[in-house]
Amino acid sequence: MMHVNEGLLLALRDGESVTEEALSHVEMCAVCSSGLEEVSARAALIREMLEEEVPAVDLEAAKAAVRARLDRSRTRSRVPFIVSSVRRAAAILLVAAGAVSAFQAPSVRSWLSERFGDSGATGPGAGTAPRQSEELQSVGIAARPGLVIALTGLDAGHRVALVFEVRDEVEVSAAEGTRFLIADARIDASDVVGPVVIRVPVGAPALTITANGRIMFTGTDAEYDVDSSGVQADGGWIFRAPDA
Amino acid sequence: MTVRATSSPTPVDFDAVFDQHYADLVRYCRRLTGESDAAEDIAQESVCRLFGHEIRAGPADIRAWLFKTATNLARDRYRTTTNRRRLLEVHPVQPSASEAPDRALEREERRAGARAALETMAPRDREMLLMRYSGFSYKEIAEALGVSSSSVGTLLSRAERRFADAVTGLEVGA
Ligand SMILES: [Zn+2]
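Reading the values: the criteria
Residues numbered from 1 in each chain as written. Chains lettered and ligands numbered in written order. Predicted model: local features only at pLDDT ≥ 70, side-chain atom pairs only at ≥ 80, totals over all residues. Heavy atoms only, no water. Buried < 20%, exposed > 50% of the residue type's maximum accessible area, 1.4 Å probe, protein only. Helix = DSSP H or I, 4+ residues; strand = E, 2+ residues; numbered from the N terminus. Arc of directions from axis to C-beta. Contact = heavy atoms within 4.5 Å. Donors = N, O, S within 2.8 Å, 3.2 Å for Na, K, Ca; no water. Core = buried A, V, L, I, M, F, W, Y, C linked by side-chain atoms within 4.5 Å. Salt bridge = Lys/Arg side-chain N within 4 Å of Asp/Glu carboxyl O. Axes fitted to C-alpha atoms, helices over the stretch in contact; angles between N-to-C directions. Left-handed = near helix turned anticlockwise from the far one by under 90°. Nonpolar A, V, L, I, M, F, W, Y, C, P; charged D, E, K, R; others polar. Buried area = accessible area lost by both parts, 1.4 Å probe. Polar contact = N/O pair within 3.5 Å; in protein donor to acceptor, adjacent residues only side chain to side chain. Pairing = 2+ DSSP bridges. Phe/Tyr/Trp six-rings, centres within 6.5 Å; stacked < 30°, edge-to-face > 60°. Lys NZ or Arg CZ within 6 Å of the ring centre and 35° of its normal.

### Quick word on helix α2 (residues 20–28) of chain A
All names here are of chain A.
1) Next: Buried residues of α2: A22, H25 and V26, and no others. Looking straight down α2, one finds its buried side chains confined to an arc of 95°; they lie on one side. Opposite its buried face, α2 presents the exposed residues E20, E27 and M28, each directed more than 90 degrees away.
2) Next: Residues of α2 that are buried make contact with α1 (6–13) and α3 (30–50).

### Points about the coordination of the zinc ion
All names here are of chain A.
1) Next: Within the protein, the zinc ion binds to H3 (ND1), H25 (NE2), C29 (SG) and C32 (SG); these donor distances fall in the range 2.1 to 2.3 Å.
2) Next: Sequence positions of the donors to the zinc ion reduce to the motif H-x21-H-x3-C-x2-C. Of the two residues examined, H25 and C32, each falls in the buried class.

### Observations regarding the nonpolar core
1) Next: If you look at the biggest cluster of nonpolar residues, it comprises 65 residues, and the most contacted ones within it are A:L50, B:V47, B:L66, B:M128 and B:F163.
2) Next: With 9 residues, helix α1 (residues 14–33) of chain B is the single largest residue contributor to this core.
3) Next: Among all residues touching B:M128, those that are not within four sequence positions of it are B:I141, B:L145, B:V147, B:V152, B:L155, B:L156 and B:A159.
4) Next: Judged by nonpolar contacts, the second largest core, of 26 residues, contains A:V192, A:V196, A:W237 and A:F239.

### Points about the pattern of salt bridges
When their charged atoms lie close together, side chains carrying opposite charge are able to pair.
1) Next: Following the criterion strictly, the structure yields 20 salt bridges over all chains and no others.
2) Next: Notably, a salt bridge pairs A:K63 with B:D15, separated by 2.8 Å at the nearest N-O pair. Of this pair, A:K63 sits in helix α4 (residues 59–75) while B:D15 is found in helix α1, placing the two residues in two different chains.
3) Next: As a salt-bridge pair, B:R158 and B:D125 come within 3.3 Å of each other at their nearest N and O atoms. In this pair, B:R158 sits in helix α8 (residues 152–173) while B:D125 sits in helix α6 (residues 123–132), placing the two residues 33 residues apart along the sequence.
4) Next: The buried category is assigned to B:D125, whose relative accessible area is 4%.
5) Next: Taken together, the salt bridges that share partners define one network made up of A:E6, A:R13, A:D14, A:R42, B:R132, B:E160 and B:R161.

### Considerations on the packing of α1(A) against α3(A)
All names here are of chain A.
1) Next: Where α1 meets α3, the closest approach of the two axes is 9 Å, and the angle between their N-to-C directions is 65°. With respect to the hand of their crossing, α1 and α3 are arranged in right-handed fashion. Note on element contacts: α3 touches α1 through C32, G35, L36, V39, S40, R42 and A43, opposite E6, L9, L10, L12 and R13.
2) Next: Classifying every residue of the contact of α1 with α3 by side-chain character gives 7 nonpolar, 2 polar and 3 charged.

### Looking at the interface of chain A and chain B
1) Next: In this assembly, 39 residues from chain A lie in contact with 48 residues from chain B.
2) Next: Surface buried jointly by chain A and chain B totals about 4,400 Å² across both partners, of which 57% is contributed by carbon and sulfur atoms.
3) Next: Connecting chain A to chain B are 9 salt bridges.
4) Next: The shortest N-O distance in the salt bridge between B:R132 and A:D14 comes to 3.4 Å.
5) Next: Counting across the chain A and chain B interface gives 16 residue pairs in polar contact (both at pLDDT 80 or more).
6) Next: Among the secondary structure elements, those contributing two or more residues to the side of chain A that touches chain B are α1, α3, α4 and β10 (223–226) of chain A.
7) Next: No other element matches the 8 residues that α4(A) contributes to the side of chain A that touches chain B.
8) Next: Taken together, the residues of the side of chain A that touches chain B break down into 20 nonpolar, 2 polar and 17 charged.

### Quick notes on the pairing of strand β12 (residues 236–240) of chain A
Residue and element names in this part refer to chain A.
1) Next: Summarising burial for β12: 4 of the 5 residues are buried, a large majority.
2) Next: Of the strand pairs in this sheet, strand β2 (residues 146–152) and β12 are connected by 5 bridges, and their pairing is parallel. Its bridge partner being in β12, A150 is matched across the sheet by I238.

### Re the packing of aromatic side chains
Here a ring pair, both rings aromatic, is described through the centre-centre distance and the interplanar angle of the planes.
1) Next: Applying the stated rule across the entire model yields 7 aromatic pairs over all chains.
2) Next: With a centroid separation of 5.0 Å and 35° between ring planes, the pair formed by A:F217 and A:Y224 is classed as tilted.
3) Next: Under the relative-accessibility criterion, A:Y224 is labelled buried at 2%.
4) Next: Arranged with centres 5.2 Å apart and planes meeting at 50°, the rings of B:F14 and B:F18 form a pair that is tilted. Here B:F18 and B:F14 lie together in helix α1, a separation of 4 residues that amounts to about one turn.
5) Next: Since its relative accessible area comes to 5%, B:F14 is described here as buried.
6) Next: The class of B:F18 is buried, set by a relative accessible area of 1%.
7) Next: Here a set of aromatic residues connected by ring pairs shows up, and it is made of A:F217, A:Y224, A:W237 and A:F239.
8) Next: A:R67 extends its terminal NZ or CZ atom over the ring of B:F14, reaching a point 4.1 Å from the ring centre.

### Section: the environment of B:A39
1) Next: The residue B:A39 is located in helix α2 (residues 36–50) in this model.
2) Next: If we ignore the near neighbours within four places in the chain, the residues touching B:A39 are B:V26, B:C29, B:R30 and B:T33.

Structure below.
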């Protein structure tokens, strides 16, 4: 065999996989083994040249800067939650329903339809008699992937509450007719009719979801506690709300 | 019941990304651009983009993804290599209290030499070298830089020679 080329010597030096043939050649050949020593010495020299202190990075400042950037990029397509009265909440909900549902609701609906379609649970696409409308209305937008929480078994007079550790975006979809009350770190849905779907974004701060006073979910998309009624499904959880 | 989600796509933990990758990423960007403000800017933009992206595998892929994105952002920013401020100008030598001044100076000269040598290199050679010395495998380098895995050894060998030659040339010229 001819001497191995330098690219192969580097691969050998760097612990990359090389053929048995190349390996045994280098072991036997004085020229190639000295070549390997040479490129190894070069690597040590380069490593020393490139050695640099870990930059003094202010991690908290960097996190804040990234959060601000993420917020800026989302506001372009986001409806803010912060409203101070029911009247304003209603107005914003109308805007949100119009602006958002065309983009977001279909995926949620197909998720519901997939999940509930053959399970007999109440929900759009379940084959049961539709309520006033099959349209879902949404508040807030989370275009990112996350954990989807679906609450079923809800009926007139039932209540759902979402409480945030820190207000962050979260997407809530419910059948039309559901009334929302939106505050800074809290969303309450009263007179819930049909399923409510909540999308918990990746990396969002902790959130607690309560149905008729019982905690169904509390935590973040990565670590959370769930009520024992929860059934895990691809991409999220389905809960059956207790009676009011 | 407490659940730690492990399903695909892997949830990207905001704090963990910073703790595990951010300092390395900034260091890589500093070497790549020779500028510390730009480095932080590129690193932050890369992390931002990560959160708009589905990562389907483990943490190693997050790291590779971040470095790849940063490489592309740096390339876009430095289509022309003029007007690149040297890090040395922004951060003059400041020996730490515990270190002898001559030793600090020597170390700083070596770093300045490395930066100057990196500046003389073609972008892909520089990226190749810096990714390798940031600990990436040939496969990851190939994927990030859009070259074939089997050519990485040869391309890296060339990049190393160019870097070593530039360092020697600068030392001789100095
Ligand atoms: Zn040989």
